[in-house]
Amino acid sequence: MLTDTHTHLYSDAFDEDRKQVMQRAIDAGVKRFFIPAIDSGHTEEMYELEKNYPDQVFLMMGLHPTSVKENYEEELAHIEKQFKKRSFYAVGEIGIDLYWDTSTLAIQQDAFKRQLQMAKKHKLPIVIHCRDAFDEVFEVLESEKGDDLFGIFHCFTGTKEQAEQALSYNMKLGIGGVVTFKNGKIDQFLNQIDLKHIVLETDSPYLSPTPYRGKRNESSYLELICKKVAQLYNVTEEEIAKITTQNSKEIFSK
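Each value, and the rule that gives it
- Residues numbered from 1 in each chain as written.
- Predicted model: local features only at pLDDT ≥ 70, side-chain atom pairs only at ≥ 80, totals over all residues.
- Heavy atoms only, no water.
- 1 Å grid on protein atoms, 1.4 Å probe; cavity = no way out; pocket = protein on both sides within 12 Å on 5 of 7 lines; lining within 4 Å.
- Points joined across faces, edges and corners; volume = space filled by probe spheres on them.
- Helix = DSSP H or I, 4+ residues; strand = E, 2+ residues; numbered from the N terminus.
- Nonpolar A, V, L, I, M, F, W, Y, C, P; charged D, E, K, R; others polar.
- Pairing = 2+ DSSP bridges.
- Axes fitted to C-alpha atoms, helices over the stretch in contact; angles between N-to-C directions.
- Contact = heavy atoms within 4.5 Å.

*Asks:* Provide a residue-level description of the layout of surface pockets, including the pertinent values.
*Replies:* If a probe as big as a water molecule is rolled over the atoms, it shows which places are left empty. Empty space within the largest pocket amounts to approximately 720 Å³. What lines the largest pocket is a set of 25 residues, and nearest its centre among them are His129, Arg131, Cys155, Asp203 and Leu207. Broken down by secondary-structure element, the contributors of at least two residues to the lining of the largest pocket are strand E4 (91–97) and strand E5 (126–131). Of the residues forming the lining of the largest pocket, the biggest block, 3 residues, is contributed by E5. For the lining of the largest pocket, the class distribution of residues is 9 nonpolar, 10 polar and 6 charged. What lines the second largest pocket is a set of 15 residues, and nearest its centre among them are Tyr10, Ser11, Asp12, Asp15 and Arg18. Elements that contribute at least two residues to the lining of the second largest pocket include exactly helix H1 (18–27) and helix H2 (43–52). The leading source of residues in the lining of the second largest pocket is H2, at 4 residues.

Set out below in structure tokens:
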């Protein structure tokens, strides 16, 4: 059994064929789908997806760093409101993204920090989005670190040193399509990281693995990521599926 720890199945990229996409993933052995939030504009779509696949789809709640704008206080209030109404499996995806916009760094840091505190309050894991912002993300994690802070460093693309630093904050590394890229770099050191620290993800519809790079990603492609990771660790794909699913259960308590 494979677990996709990060997939945006409610995305409009799947509006034409969501049922088929889900079926292909299930046929490929992917039985659990963890769904990160982006902002309040997608909440109802997430609930709808969960309603249609209650046994396979597990929701997170959070504010994506690229959605941290002038109205971010309202967005954080929306998240708190959702937590009062129901339970979630993680606070995510949250973090800092300096690829698209560096001018919002201060409010991104504030939103990230407050959502870390939210995760602690609700005793939940966090799922971190980090793009061009390792130092900034680590700085906020350092200020909130403790046994009650844990989760996944989603779409990990850093160096071995950054991987070790992430692990020091009780994070597991989310490994996705980048591990299959010729220039992805993480394939050069990943097998030096103990498998107990690894989970698999697609981040679909983004970041398709080779040979689908540049095309729409989907959860069935998780088996390609699993295959590559198995090659790097020189173990069977079944072993990778088993260990990474177990790791996901430890994080999400599901």
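*Asks:* Give me the lowdown on the sheet that holds strand E1 (residues 2–4), citing residues and values where you can.
*Replies:* The 3 strands lie next to each other as E1-E2-E3, forming an open sheet whose pairing is parallel. Single-partner strands in this sheet number two, and they are E1 and strand E3 (57–59). Taken over all neighbouring pairs, the strand axes of this sheet differ in orientation by 20 degrees on average, direction set aside. Taken together, the 3 bridges between strand E2 (residues 30–35) and E3 define a ladder with parallel strand orientation. Bridging from a neighbouring strand, Phe33 pairs with Val57 of E3. In the packing of H2 onto the sheet, contacts are made with E2 and E3, and the angle to E3 comes to roughly 150 degrees. Across the sheet, helix H7 (residues 222–233) touches E1 and E2, and the angle it forms with E1 is around 115 degrees.

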